[in-house]
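# Survey of secondary and tertiary structure
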Amino acid sequence: MSTTLTPKSSPIDSPDLRAWKSASGGGDTSQPPGLLSGAFLQETLAMTRRLFIQLQRRPSTLVAGVIQPLIWLFLFGALFQNVPQGLFGESSNYGQFLAAGIIVFTAFGGALNAGLPVMFDREFGFLNRFLVAPLASRYSIVVASAIFIAALSIVQTAAVITLSAFLGAGWPDPLGLALVVLILLTLVLGVTALSLGLTFALPGHIELIAVIFVTNLPLLFASTALVPLDFMPGWLQVVASLNPLTYAIEPIRYLYLHPDWSLGSVVLQSPWGSISLGVCLAVLIGFCAIALLAIQPLLRRRIA
Amino acid sequence: MPPAVLIEKLKKSYGSVEAVKDVSLTIQPGEIFGLLGPNGAGKTTTIRCLCTLASPDSGNIEINGTSVVDDPKVARQSLGYIAQEVALDPVLTGRELLQLQADIYHIPRKVSRDRIPQMIDLLELTDWADKKTGTYSGGLKKRLDLALGLLHQPEVLVLDEPTVGLDIETRSAVWQFLRQLKAAGTTVLITSHYLEEVDALADRVAIIDNGVVIAAGTPNELKDRIGGDRITLRIREFTPDDEARSAQEMLARLPFVQEVIINSAQGNSLNLVVEPQSDALLSVQQSLKEAGLSTFGISQSRPSLDDVYLAATGRTLMDAELAAVGTRNLKKERKEAMKGT
Ligand SMILES: Nc1ncnc2c1ncn2[C@@H]1O[C@H](COP(=O)(O)OP(=O)(O)OP(=O)(O)O)[C@@H](O)[C@H]1O
Ligand SMILES: [Mg+2]
């Protein structure tokens, strides 16, 4: 710097800050700020804001993220265009059948990758800023990523739903749409949590990418995203019925076809009986809760 | 009043590498404490344990009387940490990063609204605050890093080699800044492998080598402890070899002279270690005159911290640095570090 830092106009000390510190107990944690505290909200929003600023200044991820599922929908739809009607359950064409699968798979992929930028932050040293700060909870890192991915997924979903409507798939009813969003949010939160858990557990981005790579497509093929359950051999039916993605895909698919849906509607015939929409939601929420709880010890680790 | 920082018998290994074997320090509130040591001595590892980034294998660390292991949040409240490598988000502006920092320390908006411009002004970032940090120069990045570490006005500021790789001007600015901080009552812990830096800044020093504290005290105490004064003299600006050697022989016979070294890198100047006595300088000059030798320049000084390091380890800091080059496997270290603890 050309000039020296002289003790001029700006003092180092801020009386306001000092006052706030002593008022807030200056590190008194007899009542640790919890997940519902203003502190948690503040740090989460700040981290989320950073992610959106990054997106705004580097919009290519958004553009690619919207185009990719549309290409999937378009190409896969074309690929199976001449499949005899009725083969894919009640769907009138494959495009209509596929829309639900693409929506879920896109959201899932986004959430699965959520750990990558955090891993780069970690390798670069930026994550240390969060780790040395008195965060109300490190779940704020998870929730910030999840909010960001969820917002992206909703934009992607809107694009997919719109394109499928043009391809003749129709629209779910408004309440159904709200349920679609709820399903996606739950899935995204759960998968983001797992991805961040891996980020704290694995040695580096190479390992994280490897794990993402070996989970992504297999989970797609072992779900009902591309074909209905009764198309599959018995063992794969079992696997697909254990796959959380199936529990997100089938309700959305059902909502598309049945404006008269209810929570009791049966949406999936699994090898061990019929599963209703309500049960699917419960499974997803359970999955999400287990994922969040499971990563707690990983978040506490000291990883420098 | 408990010490600002207390480290007792800290031990920390990475795999088979004992990064810190036995480090104990006490830092009083309001002082600048220097942790001096060559590359790989264990300075960063000590600081990572202090800042709750790594967990010690054994030993006790307290900040203002609270254990950082049992109660990391309290420690995190009081600490400001400025890492050895500046890590900024290149896409965000300085001001945006400051706001992020304010929020993760839960500073209310009505306080940060004034505090952020204050820090921008204090570190003279005004012209750059609204530009992306990816466009900053190294010195600018360091200044923003300082602003970020200081934003929440920590009671204890920890700086890991804050001036390494900086130009001289920025370095002296950082020094001045740290003195200002001390004047404002902040406790400062700084690591360095620059002797002059620690000598100039620190109220107290610990010299650490191979994961062990080998000497601790005020710079003066340390120098007094090894004893002896240093006299540096030049017979001519460039003294011929034979003249230097005969002067060496002659001076070594003086009763109060312990050692005479010819420094050929400095035009054959002579470096004497002498028993501290007030007339040493005069006596040396006298003997030179009697031997018919002129004096181009002569000065007497106290031992430096490098002499302290030399006395404790048998090598100079510079030698230790050179020896450390090439022995560290950075890739492996990263791997080890990422395994977590
Ligand atoms: N993550 C790590 N994994 C394995 N070894 C490590 C790791 N970090 C440090 N070490 C080793 O521990 C020792 C102390 O390292 P440390 O980084 O604490 O030294 P330092 O005093 O900060 O050095 P420098 O002046 O180079 O920053 C070194 O031998 C180093 O190789
Ligand atoms: Mg270091």
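Here is what the cut-offs are and how they apply
Residues numbered from 1 in each chain as written. Chains lettered and ligands numbered in written order. Predicted model: local features only at pLDDT ≥ 70, side-chain atom pairs only at ≥ 80, totals over all residues. Heavy atoms only, no water. Helix = DSSP H or I, 4+ residues; strand = E, 2+ residues; numbered from the N terminus. Contact = heavy atoms within 4.5 Å. Areas by Shrake-Rupley, 256 points an atom, 1.4 Å probe, with all protein chains shown as cover. Lys, Arg positive; Asp, Glu negative; His and termini not counted. Charge placed at Lys NZ, Arg CZ, Asp CG, Glu CD. Axes fitted to C-alpha atoms, helices over the stretch in contact; angles between N-to-C directions. Parallel < 35°, antiparallel > 145°, perpendicular 65-115°, else oblique. Left-handed = near helix turned anticlockwise from the far one by under 90°. Nonpolar A, V, L, I, M, F, W, Y, C, P; charged D, E, K, R; others polar. Donors = N, O, S within 2.8 Å, 3.2 Å for Na, K, Ca; no water. Buried < 20%, exposed > 50% of the residue type's maximum accessible area, 1.4 Å probe, protein only. Core = buried A, V, L, I, M, F, W, Y, C linked by side-chain atoms within 4.5 Å.

### Points about the overall build of chain B
- Within chain B, the secondary structure is distributed over 13 helices and 14 strands.
- Projected onto the principal axes, the alpha-carbon positions of chain B cover approximately 75 × 45 × 45 Å.
- Taking the intrachain contacts of chain B between residues at least 6 apart in sequence as the baseline, contacts between residues at least 24 apart amount to 68%.
- A total of about 14500 Å² of accessible surface is found on chain B, and carbon and sulfur atoms cover 50% of it.
- Here chain B contributes 38 positively and 46 negatively charged side chains, and the mean placements of these two sets differ by 6 Å.

### Concerning the packing of helix α8 (residues 174–201) of chain A against helix α12 (residues 277–294) of chain A
Residues and elements named next belong to chain A.
- Orientation of α8 relative to α12, taken along the N-to-C sense of each, is 25 degrees, at an axis distance of 8 Å. Taken together, the axis directions place α8 and α12 in an arrangement best described as roughly parallel. The way α8 lies across α12 gives a crossing that is left-handed. Within the contact between the two elements, α8 uses Leu 179, Ile 183, Thr 186, Leu 187, Leu 189, Gly 190, Val 191, Ala 193 and Leu 194 and α12 uses Leu 277, Leu 281, Leu 284, Ile 285, Phe 287, Cys 288, Ala 291 and Leu 292.
- Here the contact of α8 with α12 is built from residues that sort into 15 nonpolar, two polar and no charged.

### Details of the coordination of the magnesium ion (ligand 2)
Residues and elements named next belong to chain B.
- The protein atoms donating to the magnesium ion (ligand 2) are Thr 44 (OG1) and Gln 84 (OE1), with metal-donor distances spanning 1.8 to 2.3 Å. Within this pair, whereas Thr 44 is found in helix α1 (residues 43–50), its partner Gln 84 is found in the loop between β6 (79–82) and α3 (94–104), the two being separated by 40 residues in sequence.
- Residue Gln 84 is classed as partly exposed on the basis of its relative accessible area, which comes to 30%.

### Points about the nonpolar core
- Counting residues in each nonpolar core, the largest one holds 97 residues, and the members touching the most others are Phe130(A), Ile141(A), Val158(B) and Leu178(B).
- The element contributing the most residues to this core is helix α5 (residues 138–150) of chain B, with six residues.
- In this structure, Leu178(B) is in contact with Ile32(B), Leu157(B), Leu159(B), Val188(B), Ile190(B) and Leu201(B), ignoring residues within four places of it in sequence.
- Judged by nonpolar contacts, the second largest core, of 62 residues, contains Phe148(A), Leu202(A), Ala240(A) and Ile252(A).

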